[in-house]
Amino acid sequence: SGQFLFSLLLLTAVIGTFLYLLKTIRKQNQLAILRKAFVNNMTHELKTPVATVMAAVEAIQRFVAKDDKVKMHTYLELSKAELEHLNHMIERVLELDVDETHRIRLNQREFDLISLINGSLETAKISSKKDVQIMFEPNVSTMSLLADEAHIKNVLVNLLDNAIKYSADTVQIRIDVQETNRFVTIAVADKGKGIAQQHHKNIFDMFFRVSDGNIYDVKGFGLGLAYVKHVIEQHGGQIVVDSELGKGSVFTIRIPKRNTDD
Ligand code: ADP
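Rules used throughout
Residues numbered from 1 in each chain as written. Predicted model: local features only at pLDDT ≥ 70, side-chain atom pairs only at ≥ 80, totals over all residues. Heavy atoms only, no water. UniProt positions renumbered as here; feature names shortened; annotations may be inferred. Helix = DSSP H or I, 4+ residues; strand = E, 2+ residues; numbered from the N terminus. Buried < 20%, exposed > 50% of the residue type's maximum accessible area, 1.4 Å probe, protein only. Contact = heavy atoms within 4.5 Å. Pairing = 2+ DSSP bridges. Axes fitted to C-alpha atoms, helices over the stretch in contact; angles between N-to-C directions. Phe/Tyr/Trp six-rings, centres within 6.5 Å; stacked < 30°, edge-to-face > 60°. Lys NZ or Arg CZ within 6 Å of the ring centre and 35° of its normal. Near = heavy atom within 4 Å. Areas by Shrake-Rupley, 256 points an atom, 1.4 Å probe, with all protein chains shown as cover. Nonpolar A, V, L, I, M, F, W, Y, C, P; charged D, E, K, R; others polar. Expected span 1.5 Å × (residues − 1). Polar contact = N/O pair within 3.5 Å; in protein donor to acceptor, adjacent residues only side chain to side chain. Parallel < 35°, antiparallel > 145°, perpendicular 65-115°, else oblique. Left-handed = near helix turned anticlockwise from the far one by under 90°.

Under an unreviewed UniProt entry, the name given to the chain is histidine kinase, and the organism recorded is Sphingobacterium oryzagri. Under the UniProt heading Catalytic activity (unreviewed entry), the entry covering the chain gives this text: "ATP + protein L-histidine = ADP + protein N-phospho-L-histidine."

Structural data, given as structure tokens:
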């Protein structure tokens, strides 16, 4: 029976190692896919500053001909600001790195969440052809947060893009922020198609998409929310959904103002 016990232990160890390896490989694949989703998102965002700088440079050429120094200065400043923003984003794509435990490495800095939300809603609005109305009336003018600004912006743009994608041609979104001593809470609410209760547990899974005849004929890969959840949890936060079919959805994220992940 000693031999039997030994074989059993050996078998358990072999199966255990095998499962561990499988899990590691799965996690690595998942991360590669999330990384891709992040880069895709960035690519989409890189187009706006490039277009702005292009237009500014053309304007500068005209003002050089007219020798209008004031206008030249204005457009040079605009180009400089856009290029700085672009540079920051490119750095973030290149830096997007994962650590030994396959988590996205965060680059945390203190920033103002209110301006980040304002920037995100502009980004989301610009990239849509629909009539998008976003109500965001915070009762504070600034809200400091220590987090990875580029990833948090991507999270917001993803939620806003979804709110727009899964709404009819007139889109009504409301963003609410709240802060306590330790946490900030951001809620993104839309009046779109909503999500049936039975799907709530799956929507954060990779590649999951609700297949119900696509009433607004929406394209996607089912990666956005998986990325969003990964980033929020990496910050020590949570994301929850509250949604009813035909009524709309509310995605609420809660993140610590300063988390211990560093
Ligand atoms: P994608 O939008 O590329 O399909 P996501 O991971 O962002 O992927 O979303 C997963 C699924 O959850 C979507 O396919 C959609 O069915 C549902 N969903 C996400 N956000 C919303 C929303 N605001 N309103 C309605 N359904 C949504």
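Can you lay out the overall build of the chain for me, pointing to particular residues and giving the numbers?
The helix and strand inventory of the chain stands at 5 helices and 7 strands. Along the chain direction, N to C, the helices and strands of the chain fall in the order α-α-β-α-β-β-α-β-β-α-β-β. Seen along its three principal axes, the alpha-carbon backbone of the chain occupies a region of about 95 × 40 × 40 Å. Per-residue burial over the chain gives 38% buried out of 262 residues. Within the chain, contacts between residues at least 6 apart in sequence are counted, and of these 72% link residues at least 24 apart.

Hey, could you go over the sheet that holds strand 6 (residues 238–244) for me, with residue numbers and the actual values?
Ordered by their spatial adjacency, 5 strands build an open sheet running 2-4-5-7-6, and the pairing between neighbours is mixed. The two strands at the open ends of the sheet, each matched to only one other strand, are strand 2 (131–136) and strand 6. Within this sheet the neighbouring strands show an average axis-to-axis angle of 15°, counted without direction. Where helix 3 (residues 113–126) meets the sheet, its contacts fall on strand 2, strand 4 (170–179) and strand 5 (183–190), and the angle it forms with strand 2 comes to roughly 170°. Packing of helix 4 (residues 149–165) onto the sheet brings it into contact with strand 2, strand 4, strand 5, strand 6 and strand 7 (248–256), and relative to strand 4 it is tilted by some 145°.

Explain the packing of aromatic side chains residue by residue, including any values.
Counted under the stated rule, the structure contains 2 aromatic pairs. Its end group placed over the ring of Phe183, Arg254 keeps NZ or CZ at 3.8 Å from the ring centre.

I'd like to hear about unusual backbone geometry, residue by residue, with values.
Even without being a glycine, Asp67 presents a positive backbone phi close to 55°. Secondary-structure assignment places Asp67 in the loop between helix 1 (2–66) and helix 2 (69–95).

Account for the site of the ligand, naming residues and giving values.
Within the structure, the ligand sits among 20 residues, and Asn162, Tyr166, Asp190, Arg209 and Leu225 are positioned closest to it. Relative to its unbound accessible area of 530 Å², the ligand is 97% covered by the protein chains. For the shell around the ligand, the elements supplying multiple residues, two or more each, are helix 4, helix 5 (224–234) and strand 7. Sort the elements by how many residues they give to the shell around the ligand and helix 4 lands first, with 3 residues. Its residues assigned to classes, the shell around the ligand comprises 10 nonpolar, 6 polar and 4 charged.

Go over helix 4, please, and point to the residues and values.
Taking 1.5 Å as the rise per residue, helix 4 with 17 residues should run 24 Å; its terminal C-alpha atoms sit 24 Å apart, in good agreement. Here helix 4 lies mainly inside the structure; 14 of its 17 residues are buried. Regarding helix 4, its N-cap is Asp148, as a side-chain oxygen of that residue lies 3.3 Å from the backbone nitrogen of Ala150 further along.

Give a detailed account of the packing of helix 3 against helix 4, specifying residues and quantitative values.
The contact between helix 3 and helix 4 brings their axes to 9 Å, and the two run at 45°. When the interaxial angle is binned, helix 3 and helix 4 end up oblique. Where helix 3 crosses over helix 4, the handedness of that crossing is right-handed. Two secondary-structure elements touch here, helix 3 through Leu116, Ile117, Gly119, Ser120, Leu121, Thr123 and Ala124 and helix 4 through Glu149, Ile152, Lys153, Leu156, Val157, Leu160, Asp161 and Ile164. Considering only residue class, the contact of helix 3 with helix 4 consists of 9 nonpolar, 3 polar and 3 charged.

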